[in-house]
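# Notes for the structure review
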Amino acid sequence: MSRVPVIALVGNPNAGKSALFNALTGARQKIANYPGVTVERKAGRAALPSGQPIELVDLPGSYSLDAASPDEEVTSQVVMGRFRGEAMPEVLVVVVDAANLEQHLVFAQELIALGRPVVVALNMVDLAERDGLVLDPAALSTALGVPVVPTVAVRKRGLDALLAEIEKAPQQDSSLRHEVAELSLPERRLNAHNMAAGAILSETVAYRWHSRLDKVLLNPWAGPVILLALLFVMFQAVFAWADPFIGLIEGMIETMIGFVEATVPAGILQDFLTQGVLSGVGSVIVFLPQIIILFAFILAMEQSGYMARAAFLMDRLMAYVGLSGRSFIPLLSSFACAIPGIMATRAISDPKDRLTTILIAPLMTCSARLPVYAVIIGAFIPARSVGPGIGLQGLVLFGLYLFGIVGAMLVALVLRRTVTKGAASGFIMEMPRYQVPPLRDLLIGLWQRAFIFLRRAGTIIFMATVILWVLLSFPKADPGESQVEASIAGHIADGLNVVMEPIGFNHEISLALIPAMAAREVAVSALATTYAIDGDEDEQAAGLTERLAANWSLPTALAFLAWFVFAPQCLSTIAVARRETNGWKWPVVMLAYLFGLAYVFAGITYWGAVALGL
Amino acid sequence: MDTQLTLDQIAPGARAEITAVDWDALAPEEAKRLRALGLDEGARVAVAHRGIFFGSDPMAIILGRTTIAIRRAHARAMQVKHP
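Residues numbered from 1 in each chain as written. Chains lettered and ligands numbered in written order. Predicted model: local features only at pLDDT ≥ 70, side-chain atom pairs only at ≥ 80, totals over all residues.

Per an unreviewed UniProt entry, chain A is named Ferrous iron transport protein B, and its organism is Aurantiacibacter flavus.

Given below as structure tokens:
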């Protein structure tokens, strides 16, 4: 049996490549890394009209085969068949933005000159039409000497024609192509200009609503206010909109616990299922709605083209701490999760800049901290309103995010003057045109994020919860003795507690911090497990938040929040940092400085709160 | 001939044509990126926006149908003339 042919999608950034890839492959995608480098490899299956299955690979967006960044290096090596372990693509699908031919045809010419079978996807023709451009694909096809298929990825227009051309591509007559192998960049640019002019049938100056939008969104005064307001709405939404869904999931978990209690005989197995598995994993799954809302905002900002504007607005501010607007996107992604954030730093070409961004990424409040914050805020901060539409709980949450950001900026400032000292970096970035985020791409992105979260809940978090339950349940306490204190975990926490007690942490917190090294949100399930086991029946019936409110002092709760702003409680982040920096040196630096800051700030918070009489 | 006029001196809304670029003043990777984006000799551009805070940095440059954000330091390396 012959192997499945590989077809590569290649083109400039902002050519709508990913949308086309999503439209062709649907949700059947495999996301991994290219071996040896940390560039994401997105692959998916599709079928040609004859039924022949193909593997589509979405290559990182590039401007040229002469690479200026690690992602561009991958694209260049893969299309030339020089990437070790990666099959040479049978056909290159060159994706160009129909409304930006002058720019995108430069790279397209370079790709066509390789002499491989090529099909050009004239993408986003609908947006070009919106801008008043009427194009002639046949003229472009003649000029380039390769088939040109107009596509609208979002509406799935032109996909069948594209697949049909891919099927025919290996038999292409390359004599139709003009000899373009030895051209210089200015010559290619002139060609692109002429070909674009030849392919444009008519051009009316349409209502340029994106430049009007830029006038508002990039306005020196209105722009930052809008950005801040948007971020504030995002965090309020995370709290407010998720509530009904959280209630729904909680109800489902309670029903399942009830079912297990009714069917499984009382004893060790029932305890394991209800107290270990269901309440442990359940207390993490409950945060899925909040994580989905957060990701929905971030994905919508990315896909609408607003994220690049945010980077523009933030550049000057980032420059003060020695970074650039480019760091804003990885850092904003880190609000969802530091792992994609750290991986997104590969778009930063300056190595010192990139390293600094990696080191501060864990200070951005990731979604795994959200469960911890949510529980503590829910238990200790009254749900009252401090203004129209502004709740105190949301305000505190916003404050915690701000605390992390300010901390990150100060750390960046220090790092740029010490360990990552070097020339100031630049900021060069193409601003994509605005578009309404395609719902389908948004949903695929959300599904991938939710799946990763649920997989974590099902694997790492499940394991940690089960191990913790075992550590907590054995050996059994004598009558009158506390189960938590008597257990194995209790003894481990005894040792840890000596260090943690001075910053106001109690025994249960020391205990929860152990499994929370696997993933931050495990702290919540660990606390749920400890209190579920230790409490009497009334306490078990009450929610975790009520139990915490009854058992912890306010200074302790605040110190716990301060700890989580800084503490690197996530093995996956450390693993990714090791891979991205090619060694243990920087992850160790990261661990040391983050634990140091966490300890110091938790201590300051605790003693400050005690001194204030809270 | 105002030979000293550079892109960073152009006010928002105004057009200019790049006449020469001092590539040596830029980091090699950045020079490559600017060239690939088409910010090169002969390019006709317009300054769309200047950044917030002090120094009006960065700048958004319109080139054809694209908008490109660059720092003032890059613009300073580009000599321009009024078209």
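Helix and strand content of chain B: two helices and five strands. Mapped from its N terminus to its C terminus, chain B presents α and β elements in the order β-α-β-β-β-α-β. The C-alpha atoms of chain B give 12 Å as radius of gyration, which agrees with the globular expectation for 83 residues (12 Å, within 12%). Its C-alpha atoms give chain B principal-axis dimensions of about 30 × 30 × 25 Å. A buried classification covers 46% of the 83 residues belonging to chain B. Summarising the internal contacts of chain B: among those between residues at least 6 apart in sequence, 57% fall at separations of at least 24. (Helix = DSSP H or I, 4+ residues; strand = E, 2+ residues; numbered from the N terminus. Rg over C-alpha atoms; globule rule 2.2 N^0.38 Å. Buried ≥ 20, exposed ≤ 12 C-beta atoms within 10 Å, placed from the backbone. Contact = placed C-beta atoms within 7 Å.)

Moving on: the overall build of chain A. If you tally the helices and strands in chain A, you get 28 helices and twelve strands. A globule of 614 residues ought to have a C-alpha radius of gyration of about 25 Å, and chain A, at 27 Å, matches this closely. Based on the C-alpha atoms only, the size of chain A along its principal axes is roughly 90 × 55 × 45 Å. Taken over 614 residues, chain A has a buried fraction of 48%. Across chain A, the fraction of contacts at a sequence separation of at least 24, relative to all contacts at a separation of at least 6, is 73%.

On the chain A side, the residues contacting the 30 residues of chain B number 29 residues. Looking at the side of chain B that touches chain A, the elements with two or more residues in it are α1 (28-37), β2 (44-50), β4 (66-70) and α2 (72-76) of chain B. Per-element tally for the side of chain B that touches chain A: the top contributor is α1 of chain B, with eight residues. Residues that form the side of chain B that touches chain A fall into these classes: 13 nonpolar, eight polar and nine charged. Sheet analysis places strand β12 (residues 429-431) of chain A next to β4 of chain B, joined by three bridges and oriented antiparallel. The residue bridging Met431 of chain A from the neighbouring strand is Thr67 of chain B, located in β4 of chain B. (Nonpolar A, V, L, I, M, F, W, Y, C, P; charged D, E, K, R; others polar. Pairing = 2+ DSSP bridges.)

Regarding helix α25 (residues 544-551) of chain A, the residues found buried are Leu544, Arg547 and Leu548 of chain A. End-on view of α25 of chain A: buried residues confined to an arc of 100 degrees, all on one side of the axis. (Arc of directions from axis to C-beta.)

All right, on to the sheet that holds β4 of chain B then. Here we have six strands laid out as an open sheet, ordered β12(A)-β4(B)-β3(B)-β2(B)-β1(B)-β5(B), and antiparallel in their pairing. Where the open sheet ends on each side, the last strands, each with one partner, are β12 of chain A together with β5 (78-81) of chain B. Adjacent strand axes in the sheet meet at a mean angle of 40 degrees, parallel and antiparallel pairs treated alike. (Axes fitted to C-alpha atoms, helices over the stretch in contact; angles between N-to-C directions.)

For the rest of this paragraph, the subject is the environment of Ala549 of chain A. Residue and element names in this part refer to chain A. When you line up the elements, Ala549 lands in helix α25. By the C-beta count within 10 Å, which is 16 here, Ala549 ends up partly exposed. Between the C-alpha atoms of Ala549 and Ala379, which are 170 residues apart in sequence, the distance is 5.1 Å. Residues in contact with Ala549, not counting those within four places in the same chain, are Ala379 and Phe380.

With that settled, the discussion passes to the UniProt feature "transmembrane region" (unreviewed entry) in chain A. Residues and elements named next belong to chain A. Per the UniProt record, "transmembrane region" (unreviewed entry) is found at residues 216-239, 276-300, 355-383, 395-415, 453-472, 557-576 and 588-609. Between the C-alpha atoms that bound residues 395-415 the distance is 30 Å, and the span itself is 100% helix and 0% strand. What you have in residues 557-576 is 80% helix and 0% strand, and the ends, taken at the C-alpha atoms, are 30 Å apart. (UniProt positions renumbered as here; feature names shortened; annotations may be inferred.)

Our focus in this paragraph is helix α28 (residues 585-611) of chain A. Residue and element names in this part refer to chain A. For α28, which comprises 27 residues, the first-to-last C-alpha distance of 39 Å matches the rise-based estimate of 39 Å (1.5 Å per residue) to within 8%. All buried positions along α28 are accounted for by Pro587, Met590, Leu594, Leu597, Phe601, Ala602, Thr605 and Tyr606. Residues of α28 that are buried in the fold lie against α16 (351-360), α26 (554-566) and α27 (571-581). Count one or two residues on from α28 and you reach Gly613, which has phi positive near 75 degrees. (Expected span 1.5 Å × (residues − 1).)

With that out of the way, let us pick up the pairing of strand β5 (residues 91-97) of chain A. All names here are of chain A. Burial runs high along β5: seven of the seven residues are buried. Alternating residues of β5 divide into Val91, Val93, Val95 and Asp97 and Leu92, Val94 and Val96, and every residue in both groups is buried. One ladder, built from five bridges, connects strand β1 (residues 6-11) with β5; its direction is parallel. Within β5, the residue paired with Leu9 across the bridge is Val93. Once the chain exits β5 it traverses helix α3 (residues 101-112) before rejoining the sheet at strand β6 (residues 118-123), and the crossover so formed is right-handed. (Right-handed = clockwise from strand over helix to strand, strands pointing away.)

What follows covers the environment of Gly132 of chain A. Position of Gly132 of chain A relative to the elements: it lies in the loop between α4 (125-130) and β7 (133-135). Remark: the alpha-carbon pair of Gly132 of chain A and Pro150 of chain A, spanning 18 residues in sequence, is separated by 16 Å.

All names here are of chain B. Going residue by residue along β5, you find Met78 and Val80 tucked away on one face and Gln79 and Lys81 left uncovered on the opposite face. Here strand β1 (residues 15-21) runs beside β5; their pairing, made up of four bridges, is antiparallel. What sits directly across from Ala20, in β5, is Gln79.

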